[in-house]
Amino acid sequence: MLRITLAKRGVSCLAAMLEKEAPRTCDAVWAALPQGGDAQHAKYARNEVYTMVPRFAETEIGLENPTVTPIPGDVVYFSFPGGMLDEEFKRDKGVAGLPGVIDLAIFYGRNNLLLNGDVGWVPGNVYATIVEGLDPMAQACHDVWRSGSVGERLVYERHSEA
């Protein structure tokens, strides 16, 4: 199981890895845990909170179990080459000097569409699904939208079922 936390708000949820549907993505994420960084709320995708981290996979994973219409509870992996992201955006997110980044995202509400006006469709790999704590996490994510993300961190770590 994967624990996903909005640290400042003290809210966590648990997600089950979709190892059959997205084995390469699950392996790469699992091997790279823990991961985390500044939380951001999406502008285009709608009900998404994400963080960007340096690339951690040895090779490009490619698409598997892709979506452009994530549903509530989807945990999604995106890989962006350095040239795809706007320079001001990269500076703001603290990833300007990297050759590319991984975007780790959770979707907490309906009616999401991964369409960016600058680049078009942005498919991502659904590699986990939130199975516990989606409602309080959705409330906290909505608060990130309304109150702001300053000082908030989105953290991904292994959850032991002890």
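Residues numbered from 1 in each chain as written. Predicted model: local features only at pLDDT ≥ 70, side-chain atom pairs only at ≥ 80, totals over all residues. Heavy atoms only, no water.

A. The arrangement of the overall build of the chain in detail. Per the secondary structure count, the chain includes three helices and 12 strands. Projected onto its principal axes, the C-alpha positions of the chain cover 40 × 35 × 30 Å. Within the chain, residue pairs in contact and separated by at least 24 positions form 81% of the contacts whose partners lie at least 6 positions apart. As displayed, the chain offers around 8400 Å² of accessible surface, 50% of which is attributable to carbon and sulfur atoms. Separation of charge centres in the chain, based on 15 positive and 21 negative side chains, amounts to 4 Å. (Helix = DSSP H or I, 4+ residues; strand = E, 2+ residues; numbered from the N terminus. Contact = heavy atoms within 4.5 Å. Areas by Shrake-Rupley, 256 points an atom, 1.4 Å probe, with all protein chains shown as cover. Lys, Arg positive; Asp, Glu negative; His and termini not counted. Charge placed at Lys NZ, Arg CZ, Asp CG, Glu CD.)

B. Examining helix α3 (residues 134-147) more closely. The first and last C-alpha atoms of α3 sit 19 Å apart over 14 residues, in line with the 20 Å expected at 1.5 Å per residue. For α3, the complete set of buried residues consists of Met137, Ala138, Ala140, Cys141 and Val144. Seen end-on, α3 carries its buried residues on one side only, within an arc spanning 165 degrees. For α3, the exposed residues set more than 90 degrees away from the buried face come down to Asp135, Gln139, Arg146 and Ser147. Residues of α3 that are buried make contact with β1 (2-6), β2 (11-17), β4 (40-41), β5 (48-54) and β8 (100-107). Gly148, located one to two residues past α3, shows a positive phi value of around 110 degrees. (Expected span 1.5 Å × (residues − 1). Buried < 20%, exposed > 50% of the residue type's maximum accessible area, 1.4 Å probe, protein only. Arc of directions from axis to C-beta.)

C. Quick peek at helix α1 (residues 23-32). Taken as a whole, α1 has its buried residues at Thr25, Cys26, Ala28, Val29 and Ala32. Taken end-on, α1 shows its buried residues confined to a sector of 165 degrees, consistent with a single buried face. With respect to the buried face of α1, the exposed residues turned more than 90 degrees away are Asp27 and Ala31. The secondary structure elements touched by the buried residues of α1 are β2, β3 (35-38), β7 (74-81) and β11 (124-132).

D. Representation of the packing of aromatic side chains in the model. As enumerated under the stated definition, the model contains two aromatic pairs in all. Taking the centre distance of 6.2 Å and the plane angle of 70 degrees together, the rings of Phe56 and Tyr77 count as edge-to-face. On the criterion of sequence distance, the pair formed by Phe56 in the loop between β5 and β6 (66-67) and Tyr77 in strand β7 is long-range, its members being 21 residues apart. Where Phe78 meets Phe80, the ring centres are 5.9 Å apart and the plane angle is 5 degrees; that geometry is what we call stacked. Taking the relative accessible area as the measure of exposure, Phe80 reaches 8% and is therefore buried. (Phe/Tyr/Trp six-rings, centres within 6.5 Å; stacked < 30°, edge-to-face > 60°.)

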